[in-house]
Amino acid sequence: MNRLRIGRNWLYIPLVAMAIFYLIPMYVMIVTGFKSFAEVDLQTMWNLPKGIHFDNYIEAFRQLAPSLWNSFIMVIPAAVISSFLGSLNGFILAKWKFRGADFIFPFILFGMFIPYQSILIPLVIFINNTLRYIGMTGIPALILAHIIYGIPITTLTFRNYYASIPQELLEAAKIDGADMLGIYRHILLPISSPQFCGGADLAVHLRLERLPVRGGANGQPVVAHHGRIEQHGRQSDHFVERADGGFAPGRPAHPCWSTFSSDVTSCAVCWLVR
Amino acid sequence: VPDYTWAGLSNYINLFSDPRFLVDIRNTLIFTGVFVIGSILLGFFLAVMLDQGLKGEGFFRSLFLFPMAISYIVTGVVWRWLMNPAEGDRLSGFNLLFSQLNLDFLINKWHTTETWGIAAIALAAIWQMSGYTMAIYLAGLRSIPDELREAARIDGAGEFQIYRHIILPLLSPVTLSALIILGHMSLKVFDLIIAVAGKQLPLDVPAIYMWQTTFDGLFYGRGAAIGILLLVSVAVLIIPYIRYTLKTETQQ
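Cut-offs and rules
- Residues numbered from 1 in each chain as written.
- Chains lettered and ligands numbered in written order.
- Predicted model: local features only at pLDDT ≥ 70, side-chain atom pairs only at ≥ 80, totals over all residues.
- Heavy atoms only, no water.
- Helix = DSSP H or I, 4+ residues; strand = E, 2+ residues; numbered from the N terminus.
- Buried < 20%, exposed > 50% of the residue type's maximum accessible area, 1.4 Å probe, protein only.
- Contact = heavy atoms within 4.5 Å.
- Areas by Shrake-Rupley, 256 points an atom, 1.4 Å probe, with all protein chains shown as cover.
- Buried area = accessible area lost by both parts, 1.4 Å probe.
- Salt bridge = Lys/Arg side-chain N within 4 Å of Asp/Glu carboxyl O.
- Polar contact = N/O pair within 3.5 Å; in protein donor to acceptor, adjacent residues only side chain to side chain.
- Nonpolar A, V, L, I, M, F, W, Y, C, P; charged D, E, K, R; others polar.
- pLDDT = per-residue confidence, 0-100.
- Phe/Tyr/Trp six-rings, centres within 6.5 Å; stacked < 30°, edge-to-face > 60°.
- Lys NZ or Arg CZ within 6 Å of the ring centre and 35° of its normal.
- Expected span 1.5 Å × (residues − 1).
- Axes fitted to C-alpha atoms, helices over the stretch in contact; angles between N-to-C directions.
- Parallel < 35°, antiparallel > 145°, perpendicular 65-115°, else oblique.
- Left-handed = near helix turned anticlockwise from the far one by under 90°.
- Lys, Arg positive; Asp, Glu negative; His and termini not counted.
- Patch = residues over 30% accessible without salt bridge, like charges linked within 9 Å, V, L, I, M, F, W, Y side chains within 5 Å.

K.L.:
Explain the overall build of chain B to me, please; I cannot follow it from the model alone.
P.N.:
Scanning chain B from terminus to terminus reveals 12 helices and 0 strands. For chain B, the succession of helices and strands along the chain, N to C, is α-α-α-α-α-α-α-α-α-α-α-α. For the C-alpha atoms alone, the extent of chain B along its principal axes is close to 75 × 60 × 30 Å. Buried residues in chain B amount to 52% of all 252 residues. Residue pairs at least 24 apart in sequence account for 72% of intrachain contacts in chain B once pairs closer than 6 positions are excluded. Summed over its atoms, the accessible surface of chain B is roughly 11,800 Å², and 66% of this surface lies on carbon and sulfur atoms.

K.L.:
I'm lost on the overall build of chain A in this one. Help?
P.N.:
The helix and strand tally for chain A stands at 10 helices and 2 strands. From first element to last, N terminus to C terminus, chain A shows the α and β order α-α-α-α-α-α-α-α-β-β-α-α. Burial statistics for chain A: of 274 residues in total, 45% are counted as buried. Summarising the internal contacts of chain A: among those between residues at least 6 apart in sequence, 67% fall at separations of at least 24. When the accessible surface of chain A is split by element, carbon and sulfur atoms take 69% of a total near 13,600 Å².

K.L.:
Where do I start with the interface of chain A and chain B in this structure?
P.N.:
One frequent convention defines the size of an interface as the accessible area lost when the parts assemble. Each side of the interface is counted separately: chain A has 62 residues, and chain B has 68 residues. In this assembly, chain A packs against chain B so that about 6,000 Å² is buried in total across both faces, 73% of it on carbon and sulfur atoms. Applying the counting rule to chain A against chain B returns 0 salt bridges. At the surface where chain A touches chain B, the tally comes to 6 residue pairs in polar contact (both at pLDDT 80 or more). Elements with a minimum of two residues in the side of chain A that touches chain B: α1 (12-33), α3 (101-111), α4 (116-133), α5 (138-163), α8 (193-209), α9 (227-245) and α10 (256-273) of chain A. The leading source of residues in the side of chain A that touches chain B is α1 of chain A, at 15 residues. Classifying every residue of the side of chain A that touches chain B by side-chain character gives 37 nonpolar, 15 polar and 10 charged.

K.L.:
What am I meant to see in the confidence of the model for chain A here?
P.N.:
Detailed reading of the predicted model is not advised wherever pLDDT is low. Residues and elements named next belong to chain A. This prediction gives chain A a mean pLDDT of 70; 69% of its residues lie at or above 70. Mean pLDDT values for the elements of chain A range from 30 in α9 up to 88 in α1. This stretch, residues 209-274, has a pLDDT under 50; its non-local contacts, to residues over four places away or in other chains, come to 149 contacts.

K.L.:
Is there a simple way to think about the environment of alanine 173 of chain A in this case?
P.N.:
All names here are of chain A. Mapped onto the elements, alanine 173 comes out in helix α6 (residues 167-175). On the basis of relative accessibility, which here comes to 7%, the residue alanine 173 falls in the buried class. Sequence-wise, alanine 173 and glycine 100 are 73 residues apart; in three dimensions their C-alpha atoms are separated by 25 Å. When near neighbours in sequence (up to four residues on either side) are disregarded, alanine 173 contacts Ala178, Ile183 and Ile187.

K.L.:
Can you help me understand unusual backbone geometry in this one?
P.N.:
Negative phi characterises most residues that are not glycine, and trans characterises most peptide bonds. All names here are of chain B. Not every positive phi belongs to a glycine, and asparagine 102 is a case in point at roughly 60 degrees. Take asparagine 102: its relative accessible area is 65%, and that puts it in the exposed class. Although it is not a glycine, tryptophan 110 sits at a positive phi angle of roughly 50 degrees. Within the secondary structure, tryptophan 110 is located in the loop between α5 (93-100) and α6 (117-142). Classification of tryptophan 110 as buried rests on a relative accessible area of 9%.

K.L.:
Teacher, can you tell me more about the packing of aromatic side chains here?
P.N.:
Aromatic rings considered in pairs are described by the distance between their centres and by the relative angle of their planes. With the rule as written, the count across this model stands at 26 aromatic pairs over all chains. Aromatic side chains phenylalanine 98 of chain B and tryptophan 110 of chain B sit 6.5 Å apart centroid to centroid with 25 degrees between the ring planes, which places their arrangement in the stacked category. Of the two residues, phenylalanine 98 of chain B is situated in helix α5 and tryptophan 110 of chain B in the loop between α5 and α6; the sequence distance between them amounts to 12 residues. By relative accessible area, phenylalanine 98 of chain B is classed as buried at 15%. Between phenylalanine 215 of chain B and tyrosine 220 of chain B, the ring centres sit 6.2 Å apart and the planes meet at 80 degrees, which makes this aromatic pair edge-to-face. Judged by its relative accessible area of 31%, tyrosine 220 of chain B falls in the partly exposed class. Ring pairing ties together the aromatic residues Phe21, Tyr22 and Trp46 of chain A together with Phe59, Phe60, Phe64, Phe66, Trp79, Phe94, Phe98, Trp110 and Trp127 of chain B, which thus form one cluster. The cationic tip of arginine 159 of chain A hangs over the ring face of phenylalanine 105 of chain A; the distance from NZ or CZ to the ring centre is 4.0 Å.

K.L.:
Help me out: how do you make sense of helix α7 (residues 180-188) of chain A in this one?
P.N.:
An α-helical turn contains 3.6 residues, so any two residues separated by three or four positions project in the same direction. By the burial criterion, the buried members of α7 of chain A are Gly182, Ile183, Tyr184 and Leu188 of chain A. On the buried face of α7 of chain A, the contacting elements are α2 (55-95), α5 and α6 of chain A.

K.L.:
Before we go on, may I ask you to explain helix α9 (residues 172-187) of chain B in this structure?
P.N.:
With 16 residues, α9 of chain B should reach 22 Å at 1.5 Å per residue; the first-to-last C-alpha distance of 22 Å fits that figure. Among the structural elements, α2 (19-50), α4 (72-82), α6 and α12 (220-251) of chain B are those in contact with the buried residues of α9 of chain B.

K.L.:
What should I look at first to understand the packing of α6 of chain B against α9 of chain B in this one?
P.N.:
Helix packing for two helices is described by the angle between their axes and how far apart those axes are. Residue and element names in this part refer to chain B. Remark: α6 packs on α9, axes separated minimally by 10 Å, with the N-to-C direction vectors making an angle of 160 degrees. Taken together, α6 and α9 sit at an angle that is classed as roughly antiparallel. As α6 packs across α9, the resulting crossing turns out to be right-handed. Facing Met129, Tyr132, Thr133, Ile136, Tyr137 and Gly140 of α6, the residues of α9 in contact are Val174, Thr175, Ala178, Ile181, Leu182 and Met185. The class makeup of the residues in the contact of α6 with α9 is 9 nonpolar, 3 polar and no charged.

K.L.:
Teacher, can you tell me more about the side chain of aspartate 24 of chain B here?
P.N.:
Residue and element names in this part refer to chain B. As for its position among the elements, aspartate 24 is in helix α2. Arginine 20 provides the closest opposite charge to the buried, unpaired aspartate 24, separated from it by 4.8 Å. Setting aside residues up to four positions removed in sequence, aspartate 24 forms contacts with Asp204, Val205, Pro206 and Tyr209.

K.L.:
Got a minute to help me understand a nonpolar patch on the surface in this structure?
P.N.:
Together, Trp69, Phe72, Ile73, Ile76, Val80, Ile81, Phe84 and Leu85 of chain A make up a nonpolar patch on the protein surface, roughly 710 Å² of accessible area in all. Turning to its location among the elements, valine 80 of chain A is positioned in helix α2.

K.L.:
Explanation requested: the pattern of salt bridges in the structure shown.
P.N.:
Two side chains that carry opposite charge are able to pair once their charged atoms sit near each other. Residues and elements named next belong to chain B. Summed over the entire model, instances satisfying the criterion amount to 10 salt bridges over all chains. One salt bridge connects glutamate 57 with arginine 142, and the closest N-O pair in it is separated by 3.3 Å. Separated by 85 residues along the polypeptide, glutamate 57 in helix α3 (residues 57-65) and arginine 142 in helix α6 bring together distant segments of the chain. Judged by relative accessible area, which is 40%, arginine 142 ranks as partly exposed. Taking the shortest distance from any N to any O, the salt bridge between glutamate 159 and arginine 153 comes out at 2.8 Å. For glutamate 159, a relative accessible area of 12% translates into the label buried. The structure contains a network of salt bridges with shared partners spanning Asp51, Glu57, Arg61, Arg142, Asp146 and Arg149.

Dropping the structure here:
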């Protein structure tokens, strides 16, 4: 397998160097997360903490708990419903090709790449006028938006997965008298669980990471790019201000928490899929 | 009272004579160039290294891949600390590390550099996305049968020639998808820049301009024009790619 035919151990030098490059930001974040408030300072950012302090995590959790809770009640239904619709789409597109399927699929694919900026204005107007008119405001409206924008990616993953399932399996089911929905319900759905985990993970991930729309105060959907941009931006500003100028406008909370939470979801899902 | 008169193409024409939008275009081009080329070179290099069947490959693979699991906001906040441009005895981040390692010539102003500051932000983006290019290149390398390498070796090709004449051409579909996926991401970049530098004019990109002019300035017409231009630029990249992918798929 040694394809470059140079001393194998030499290959570890670039690998370890790159590993250090990838680890540096993580090191800074973990080390800073465990420092006590007084210890956090840009001049000593490379030093190890003088002891393990969980203050920052506790504080971050206290401040972020409402946002996190909002994320969860928004993300979980959005991911589940989006994955389910995606699996239905994928099933039809992979196994029950209808006339025009080859025409529609590229459009669904393109949906994956649409910049949020170009749909933001109509989306805001739709949420603020149409959806409010029918009484759908706040988080349900956002869930709807996330379901719709999650459909392309889930459709693609499910379509590719179902395309790899042998046609004979479906034929056999058909001979045994299953109709289209029966095949989906009894054959494809039961073997889709890894795909559901993957799809849900992806969806959760995308939702947690970039929420282009967020519910504002008193349940009125306003658009602000990122609930967490504001949170983190502000908190990191505290951090920087304190560290630079030595004054403390507020307690620094730490973005570690959200890395941590999204990593925990990924790890949990990866483990489930394994 | 909203003005509903038909504006024709004036929103678009005004944009192209708007100095801020011209800066946005320049920044997007620099960012895209540095980010896409950097991620592809680094990803390919790492994939070749990991393809040598070394011990601990799994460890390195997950390590290189993990930044992808982090959101741009978190990446941005950490890199904001790392790329702190403060000078003198307030040195910090990478600059502090460089001075402690006696590498003072490396100390620089990062994203506050004139014109090229946006390239520093592309560095953070490379950190985040090069693992992804590594993963798709590695999958591509693994799908190349060993017989092809053997045959080239028998014909007297050196290892470098094998990579140059056999492996790279076979990997061109992978390079294409990496180009497209990274390219369309860099056209849309927003959160990373906001997290590293906030809304600063020298680091402005179309997505930030669109945000500010629409929701802070309430110039919906100009905002919509930027949004559509973004959509068109992404579509120019993506539509041929989708057509190509679907065509090769049906051929198989």
